[in-house]
Amino acid sequence: MQRSSYDTAAALLPLVGGPGNVTSVAHCMTRLRLGIAARERVDAEAVRAVPGVLGVVTDGDTLQVVIGPGAVVAVTAEFEKLLDAAATAHRGPDDDRPGEFGSGAPLPAGPGGASPRGAPKGRGELREQPRRTRTRGRRSDHDAADLAADLAARGAELKAARARRNATPVKTALRRIADVFVPLIPALIGCGVLAGLGGLLVNAGWLPWLTPALAAVASGFMALISVFVGYNTAKVFGGTPVLGGAVAAVVVYPGVAKVTAFGVALAPGQGGVLGALAAALLAVGVERWCRGRVPDALDVLLTPTVTVLVAGLATLYGLMYAAGLVSSAIGTAANWLLATTGPLAGLVLGGLFLPLVMLGLHQALIPIHTTLIQQQGYTVLLPLLAMAGAGQVGAALAVYARLRHDTQLRTTIRSALPAGLLGVGEPLIYGVSLPLGRPFLTACAGGAAGGAFVGFFAVLGDRVGATAIGPSGWALFPLLTGNRGPALAAAIYAGGLLTGYAVGFLATYAGFSGAGVPGDPSPRRSG
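These remarks concern the structure in this document. (Residues numbered from 1 in each chain as written. Predicted model: local features only at pLDDT ≥ 70, side-chain atom pairs only at ≥ 80, totals over all residues. Heavy atoms only, no water.)

Here we take up the overall build of the protein chain. The secondary structure content of the protein chain amounts to 17 helices and eight strands. Per-residue burial for the protein chain yields a buried fraction of 44% across its 527 residues. Long-range pairs, those at least 24 residues apart, make up 70% of the contacts in the protein chain with a sequence separation of at least 6. Here the protein chain displays about 24900 Å² of accessible surface, and carbon together with sulfur accounts for 64% of that area. (Helix = DSSP H or I, 4+ residues; strand = E, 2+ residues; numbered from the N terminus. Buried < 20%, exposed > 50% of the residue type's maximum accessible area, 1.4 Å probe, protein only. Contact = heavy atoms within 4.5 Å. Areas by Shrake-Rupley, 256 points an atom, 1.4 Å probe, with all protein chains shown as cover.)

As structure tokens, this is what we get:
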């Protein structure tokens, strides 16, 4: 019986420390992203064991629970409902204060009044769930317990050390910038698909009465994406969202063409999303400065006015020009990188992308992709990075062929392969290659080979790009285009995928013996 989204959310809530330990809730394409107040109250291993959870990534005060595309949206909605119910339960009948999350709130009944499966029994208690343990050969239960305790202690030390390393200002800033762009991905995908469809219709000469309408629908969001970036930036960084959007709107306002900065007339959209991001960040800073100095009686009048005026003028006479230079440099650098060092660039990008996905840092690339799409109509980096998924698929197929007697692992691979082929790598990463060790490295080798294949054609002058971000693997085909048309771009991309599959499979099959895995109750290890 398939587990419902409510059951998954109800099982997760007590394991992450209860409602009182959750400071924020969001999701991206595949992950439930939770802000955590106290990491020591999170039972990451128990979270990982919840049915429907594909993996767990802890990064500073953020817990990322990998659930998968589609399902993560429903689980996030149910999780937020549970938090709201817990907040309501902790407010008195005459208490009109905003509800606060409390770890002792009873969870509401599930659909039909049933209690959630896997949820804690009793108020504020987390009942210890029985876990199945397997011991090797003649090892005694006492020895196994000592070994488990030792491994748990070492694991706790490693996790604490990693948390200290990850809690850096740079990584924190990257996570927050990613939070600005991740909510925009669905619109980017939808508009990108429509733009690709419209392009195909124009090239084929079909439905000429429909193509202008498709172009308008596909381009409207991209024309105003700076406003959405400004709104989200202010929201993420603690300002008033609409003020961030108002200041960012200056970037795309047609009237900026009449403004001259540094002796050069500005162009609408100059600086793109980077200019909007900088403008909204400045607006947040100005707003905070005003809140601490303007009298309460004048705050509603002066603070928004000063925020928009100061940040808007600074955007016109500095940020747009500077961000325009940076945006142009990004486009020039990407084109130069592929034109001169294509195979090497593809090898590095395709080989290193899986570790970025594992750490959840791949979202920091979204502003670069978005800038390239604004400038050139497509991003040349995404097809290279997508090769990492091809290496992952090849490695998983090799493990499937090697471990003929490991029924459980082969079942996991069969269930995760469809998502892997469509570019969703987390199920294979956390369910197969990463636990086994060496297959993760050989998967990176497959991604590097696929990236080098695509990069080789870039040196020849055949660039492959994607009109939107988000999809990968086979799902990226509808979004592919290039300087010589979508057909050639799709052919090169397909060749890269096949190369990644083949190298990932061969490297894994040759380098991973599977010793200790098939029919062996010991923990899996690379051979």
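There is more to say after this.
Read across the sheet, four strands follow the order 1-2-4-3 without closing on themselves; strand pairing throughout is antiparallel. For this open sheet the edge positions go to strand 1 (22-27) and strand 3 (55-59), each flanked by a neighbour on one side alone. For this sheet the average axis-to-axis angle between neighbouring strands, irrespective of direction, equals 20 degrees. The sheet contact formed by strand 2 (residues 31-36) and strand 4 (residues 62-66) spans five bridges and is antiparallel. For Gly 35, the partnering residue across the bridge sits in strand 4 and is Thr 62. Together, strand 2, strand 3 and strand 4 form the strand contacts of helix 15 (residues 426-436), whose direction differs from that of strand 3 by roughly 100 degrees. (Pairing = 2+ DSSP bridges. Axes fitted to C-alpha atoms, helices over the stretch in contact; angles between N-to-C directions.)

This part covers the nonpolar core. With 59 residues, the main nonpolar core has Val 229, Val 399, Leu 476 and Tyr 493 as its most contacted residues. When sequence neighbours within four positions are dropped, the list of residues in contact with Tyr 493 reads Pro 383, Ala 386, Met 387, Val 464, Ser 472, Gly 473, Leu 476, Phe 477 and Leu 480. Membership of the second largest hydrophobic core comes to 27 residues, among which are Leu 12, Leu 63, Phe 79 and Leu 83. (Core = buried A, V, L, I, M, F, W, Y, C linked by side-chain atoms within 4.5 Å.)

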